[in-house]
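# Observations on the model geometry
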Amino acid sequence: MSRTGLAGEKFNRQEAFEWLKGASRNCHDVIKLYEDWEKVNSVRNGEITKEEYCIEYCLHFPCRKCPLIGTEDCEYCEPSCPVGGGMITCPLNVRPSFIDVCYHTQQCYEKLLKGLIVAKEQRPPKTHDLKLLLNMLPNGIMQEELLVCIQRMRDYDKVRYPDVKEVSKEEACFCLKFVEEALSFLQYIEKCSGGGIIG
């Protein structure tokens, strides 16, 4: 399928690029979130120890010299800890959730579509409805793989609501694949436009 019709057209380039940069950031957020949960799961599965996780991956780890580091007595995430003070929630103490992975995937596609709408000299509506946004674009502008991703995605913009059921790891895996497709498309746009989109 040809991707012509995007490069070289006159449009509000800066606004379109801002939408596309936002999409790229969401893609990278999804990848990082998924990788972070995989690291947490490696502790739960016994592949690495809690101490190894804390030293290697914890961003909030100023207590490397504490004698309680990595032990059951470590209270870094508890209010009683003089270092952590309960201000940090350790991912190891939280039930795995892939909500953010799915949410940021939806955000990625929403911003991608809105950027393409702006590139086609239209104003995107204030909506999270990916299918509505997709219908505003001419046929042939999106890769078939991206169309399939949009069709398979459910309303992940609502997954953060309290009454929404948890998303499965399988859904998160699909979202990771959806993000990889979006990044591939964004890289193509960047190549055609001369750079400045992918961060």
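Here the structure is a predicted model, which means the values were calculated and not measured.

This part covers the overall build of the protein chain. Of the regular secondary structure elements, the protein chain holds 6 helices and 0 strands. N-terminal to C-terminal, the α/β element order of the protein chain is α-α-α-α-α-α. Expressed as a percentage of its 199 residues, the buried residues of the protein chain come to 41%. At a minimum sequence separation of 6, the contacts of the protein chain that also span at least 24 residues come to 64%. Put simply, the protein chain shows about 11300 Å² of open surface, and 52% of that area lies on carbon and sulfur atoms.

Okay, the confidence of the model for the protein chain next. Per-residue confidence for the protein chain averages 78 on the pLDDT scale, and 76% of its residues sit at or above 70. Taken element by element, the predicted model of the protein chain shows its lowest mean pLDDT in helix α2 (residues 50-57) (79) and its highest in helix α3 (residues 99-119) (90). Here residues 1-10 is a poorly scored stretch, pLDDT under 50, and it has 23 contacts once near neighbours within four places are set aside; other chains count.

We now examine the side chain of Ser42. Within the secondary structure, Ser42 sits in helix α1 (residues 13-44). The class for Ser42 is buried, based on a relative accessible area of 10%. If we ignore the near neighbours within four places in the chain, the residues touching Ser42 are Glu47 and Ile48.

To continue, consider the packing of α1 against α2. Two elements in contact, α1 and α2, have axes whose closest approach is 9 Å; the angle formed by their N-to-C orientations is 160 degrees. Accordingly, the angle class assigned to the pair α1 and α2 is roughly antiparallel. The two elements α1 and α2 cross, and the hand of that crossing is right-handed. Contacts between α1 and α2 involve Lys39, Val40 and Val43 from the first element and Lys50, Tyr53 and Tyr57 from the second. Here the residues of the contact of α1 with α2 are counted per class, giving 4 nonpolar, no polar and 2 charged.

Okay, the state of the cysteines next. Evaluation of the coordinates by the stated rule reveals 0 disulfides. Cys149 takes part in no disulfide bond, and the closest cysteine sulfur to it belongs to Cys175, at a distance of 9.2 Å. Assessed through its relative accessible area of 4%, Cys149 is described here as buried. Here Cys173 is not disulfide-linked; the sulfur of Cys175 is the nearest cysteine sulfur, at 9.4 Å. Judged by its relative accessible area of 27%, Cys173 is partly exposed.

A word on the packing of aromatic side chains. All told, the structure shown has 3 aromatic pairs when counted by the stated rule. A centroid spacing of 6.3 Å and a plane angle of 20 degrees characterise the contact between Phe174 and Phe178, whose relative ring orientation is stacked. Taken together, the residues span about one helical turn, with Phe174 and Phe178 both in helix α6 (residues 169-193) at a distance of 4 residues. Judged by relative accessible area, Phe174 falls into the partly exposed class, the value being 27%.

Applying the stated criterion across every chain, the model contains 6 salt bridges. A salt bridge links Glu15 to Arg123, with the shortest nitrogen-to-oxygen separation between them at 2.3 Å. On the criterion of sequence distance, the pair formed by Glu15 in helix α1 and Arg123 in the loop between α3 and α4 (130-135) is long-range, its members being 108 residues apart. Taking the relative accessible area as the measure of exposure, Arg123 reaches 56% and is therefore exposed.

What counts, and at which threshold
Residues numbered from 1 in each chain as written. Predicted model: local features only at pLDDT ≥ 70, side-chain atom pairs only at ≥ 80, totals over all residues. Heavy atoms only, no water. Helix = DSSP H or I, 4+ residues; strand = E, 2+ residues; numbered from the N terminus. Buried < 20%, exposed > 50% of the residue type's maximum accessible area, 1.4 Å probe, protein only. Contact = heavy atoms within 4.5 Å. Areas by Shrake-Rupley, 256 points an atom, 1.4 Å probe, with all protein chains shown as cover. pLDDT = per-residue confidence, 0-100. Axes fitted to C-alpha atoms, helices over the stretch in contact; angles between N-to-C directions. Parallel < 35°, antiparallel > 145°, perpendicular 65-115°, else oblique. Left-handed = near helix turned anticlockwise from the far one by under 90°. Nonpolar A, V, L, I, M, F, W, Y, C, P; charged D, E, K, R; others polar. Disulfide = S-S within 2.5 Å. Phe/Tyr/Trp six-rings, centres within 6.5 Å; stacked < 30°, edge-to-face > 60°. Salt bridge = Lys/Arg side-chain N within 4 Å of Asp/Glu carboxyl O.

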